[in-house]
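Listed below, chain by chain, are the residues.
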Amino acid sequence: MSATFGGRSGRQGRLSQWLRGRRPKVAADDGGREALLLAAARAGLPLAPAAYPAPGYRCSCDRVGCPTPARHPVSFAWQTQSTTDRAQIERWVRHQPQANFITATGMTHDVLDVPLRAGREALERLLGSGVEVGPVAESDDGRMLFFTLTRGTPEDEDEWWPCELDCHPETMDEHPGLRWHCRGSYVLVPPARLPGDDQRVHWTRGPEHPLPDPLSLLETLTDACARYAGAEHQATVWPLRH
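None of these values were measured; they are calculated from a predicted model.

A.B. asks: Could you clarify how one ought to interpret the sheet that holds strand 9 (residues 186-188) in this entry?
C.D. replies: Within a sheet, each strand pairs with its neighbour through backbone hydrogen bonds, oriented either parallel or antiparallel. The antiparallel open sheet is built from three strands, whose spatial order is 1-4-9. Edge positions in the open sheet fall to strand 1 (47-50) and strand 9, since each of these has one partner strand only. Each neighbouring strand pair of the sheet contributes to a mean axis angle of 35°, computed without reference to strand direction. Two elements, strand 4 (residues 100-104) and strand 9, share three bridges in a ladder whose sense is antiparallel. In the sheet register, Ile102 faces strand 9, and the bridge partner there is Leu188. Set on the sheet, helix 4 (residues 86-95) makes contact with strand 1 and strand 4; between it and strand 1 the angle comes to about 15°.

Right, here's the structure in full:
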């Protein structure tokens, strides 16, 4: 999958500068937060409330040793609870002003989740090549999220990565390559807060961008992950369930 990219053109250099300098900030007021979440819902991303950071790098769920603080849904029924209904999302936002939100993948969209450095390299190459890239989010804990159409259930199940995994949230740090969030998984949707000083999940490219086919991005993303991991290692795809 590897390709050699030599000197950068002026256009590529400008893209690189734009990507480094562009860092949208989450609006501090509830109206800004609500508008961003409703925009995600309008784009077809089903949402459900999630935990949020508590003092001392803890999670609002109060679970001792929570393995994914501020990164998980508050309800075990998050898959059936997830919705794009405007009225329901407005109620959640106003009644749970500190809550993060997750979006359930595998319904209308998937998410290709890569290390931040690899993701920035891949995004620059994709945009420089004129590839249609959809919404992209950055997480200050070092990941980049590429939102795509879901693959659904193809006729040939051999082409599908099932979500029966040996990878769980508490072991995700052991898998530094590409993670494919599909059926049975979720990711935080911007704007979201993470434990730590001003750690957030924010849009690099907003949900107004149409969702692309994941296969149109996959080769570039896996190649960037291979470069990130080292020339001697091959990037691994880990479809996730929770």
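A.B. asks: Teacher, can you tell me more about the confidence of the model for the protein chain here?
C.D. replies: Per-residue pLDDT for the protein chain averages 81, and the proportion of residues at 70 or more is 71%. Counting contacts from residues 156-175, a segment whose pLDDT is below 50, to residues more than four positions away or on other chains yields 37 contacts. Contacts of residues 231-235 to residues separated by more than four positions or lying in other chains number five contacts, the stretch itself having pLDDT below 50.

A.B. asks: For this particular structure, what's the right way to read helix 4?
C.D. replies: Residues that lie three or four places apart on an α-helix share one face, since the helix turns once every 3.6 residues. Taken together, the buried positions of helix 4 are occupied by Ile89, Glu90, Trp92 and Val93. Across the axial projection of helix 4, the buried residues extend over an arc of 165°, all falling on one side. Of the exposed residues in helix 4, the ones pointing more than 90 degrees away from its buried face are Arg94 and His95.

A.B. asks: I'm lost on the sheet that holds strand 5 (residues 109-115) in this one. Help?
C.D. replies: Ordered by their spatial adjacency, six strands build an open sheet running 8-5-7-6-11-10, and the pairing between neighbours is antiparallel. Either end of the sheet is taken by a strand with one partner, and the two such strands are strand 8 (179-181) and strand 10 (192-194). In this sheet, neighbouring strand axes are inclined to one another by 25° on average, regardless of whether the strands run parallel or antiparallel. Relative to strand 8, strand 5 runs antiparallel, the two being bridged by three bridges. Note that in strand 8 the partner of Asp113 across the bridge is Arg179. Sitting on the sheet, helix 5 (residues 116-128) touches strand 5, strand 6 (136-139), strand 7 (143-149) and strand 11 (199-205), and the angle it makes with strand 7 is about 45°. This element, helix 6 (residues 215-229), spans strand 5, strand 7 and strand 8 of the sheet and lies at about 20° to strand 5.

A.B. asks: I tried to follow the nonpolar core on my own but got confused; where do I start?
C.D. replies: Proteins that are soluble and globular tend to have nonpolar side chains buried together. Counting 27 residues, the largest nonpolar core has Leu47, Ile89, Phe147 and Val189 as the members making the most contacts within it. Looking at this core, the elements with two or more residues in it are helix 2 (30-42), strand 1, helix 4, strand 4, strand 7, strand 9, strand 10 and strand 11. Ranked by residues supplied to this core, first place goes to helix 2 with four residues. Once you skip the residues sitting within four places of it in the chain, Ile89 turns out to touch Leu37, Leu38, Ala41, Leu47, Thr83 and Thr84. Of all hydrophobic cores here, the second largest spans 20 residues; its members include Val114, Leu123, Met144 and Trp180.

Criteria and thresholds
- Residues numbered from 1 in each chain as written.
- Predicted model: local features only at pLDDT ≥ 70, side-chain atom pairs only at ≥ 80, totals over all residues.
- Heavy atoms only, no water.
- Pairing = 2+ DSSP bridges.
- Helix = DSSP H or I, 4+ residues; strand = E, 2+ residues; numbered from the N terminus.
- Axes fitted to C-alpha atoms, helices over the stretch in contact; angles between N-to-C directions.
- Contact = heavy atoms within 4.5 Å.
- pLDDT = per-residue confidence, 0-100.
- Buried < 20%, exposed > 50% of the residue type's maximum accessible area, 1.4 Å probe, protein only.
- Arc of directions from axis to C-beta.
- Core = buried A, V, L, I, M, F, W, Y, C linked by side-chain atoms within 4.5 Å.

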